[in-house]
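Here are the chains, one letter per residue:
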Amino acid sequence: MPAIMKASLIFLALSVASSLALDCTIIDGSLKQIDAGAGQVFGVNSGNSIFVRYGNNWVKVPGALKHVSVGPSGVWGVNGNNYIYKMVGGNWQQTQGLLKQIDAGGDEFIAGVNMNGNTYCLNRDPTMTVHSTDPIPWNLLPGALKYYSCGPYSCWGVNSADQIYVMKGVTPSSCMGSNTWQNIPGALSMIEVSTDGSVYGVNAAGNVYRRDGTTASNPAGTVWIQLNISGKSKHVSYDLGVLWVIRQDNSIQACH
């Protein structure tokens, strides 16, 4: 076997070590996007209606969003015009800026991506105290991404070519972290970091992966594990031992 081919096969084996079967249950309802964090689960359907999970039921939330996120930073979302909203006292409050995707999973800071692929984050103090009339001190990160998600000690993103990057050293007062991207082997179309630091993603073929070995001392982790889930997936989110999966037909699964 040629040395280059052999090296490529070894690299592939190191990138995806094995697969793992999960026990999944079909959940009632239909959603195009879901987010779980801080013990809550929110989602939006194809008509941009918003829902929150209470017990075994979905309860409709007033308003319309195309993407919603819940976590230590509260509940945030963006609508069809890319306007940004934060839930305050049970009502949606618009804040300054434009994003197409937002993430509230950081340690009381938020992050997101705009229509041009520019990636931003907002430190804890303005995130937790922002009002509709306040100027927003967004921090612009280098590069261009299509999806960005943060956890307690790292943020992960994917770009238009499905390349994967991690930003290390993020803190509540320094959401930009090291301000230097580390490329991670593999290819994903979306990625989510949970509030416990776990990292999950979906590739263009609809396969779901988990990044193993992620810790505060090694935020990049060690290897991707493919999760065997029936059907093709398009969105995932993890919290409190449950992996929430949206399949390509917008059906919902809860996996353990």
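Relevant structure appears above.
Now for a description of the structure that goes with this document. Fair warning: this is a prediction, and the values are worked out from it, not measured in the lab.

1. Observations concerning the state of the cysteines
Taken as a whole and assessed by the stated rule, the structure comprises three disulfides. One disulfide in the model links Cys24 with Cys255; its S-S distance is 2.0 Å. Measuring handedness by torsion sign, the sulfur bridge of Cys24 and Cys255 sits at about 110° and is right-handed. Note that Cys24 is positioned in strand E2 (residues 24-27) and Cys255 in strand E25 (residues 252-255), a separation of 231 residues in sequence. The class of Cys255 is buried, set by a relative accessible area of 1%. Here Cys150 pairs with Cys155 through a disulfide, and the sulfurs are 2.1 Å apart. Of note, the bridge from Cys150 to Cys155 carries an S-S torsion of about 110° and is right-handed in sense. Of the two residues, Cys150 and Cys155, both sit in the buried class. Taken N- to C-terminal, the disulfide-bonded cysteines of the protein chain are connected 1-6, 2-5, 3-4.

2. Side note on unusual backbone geometry
One non-glycine residue with positive phi stands out, namely Asn48, at about 70°. Along the chain, the position of Asn48 falls in the loop between strand E4 (40-44) and strand E5 (49-54). In the Ramachandran plot, Asn82 falls in the positive-phi region, its phi being about 70° despite a non-glycine side chain. Tracing the backbone through its elements, the reader meets Asn82 in the loop between strand E8 (74-78) and strand E9 (83-88). Using a relative accessible area of 11% as the deciding quantity, one classes Asn82 as buried.

3. Considering the pairing of strand E13 (residues 119-122)
Looking at chain direction, strand E12 (residues 110-113) and E13 are connected through four bridges and run antiparallel. Counted as the bridge partner of Ile110 is Leu122 from E13. Linking E12 to E13, which pair antiparallel, is a turn of five residues; within it Gly117 sits at a positive phi near 85°. The pairing of E13 with strand E14 (residues 139-141) spans three bridges and is classified as antiparallel. Bridging from a neighbouring strand, Thr119 pairs with Leu141 of E14.

Rules behind the numbers
Residues numbered from 1 in each chain as written. Predicted model: local features only at pLDDT ≥ 70, side-chain atom pairs only at ≥ 80, totals over all residues. Heavy atoms only, no water. Disulfide = S-S within 2.5 Å. Helix = DSSP H or I, 4+ residues; strand = E, 2+ residues; numbered from the N terminus. Buried < 20%, exposed > 50% of the residue type's maximum accessible area, 1.4 Å probe, protein only. Pairing = 2+ DSSP bridges.

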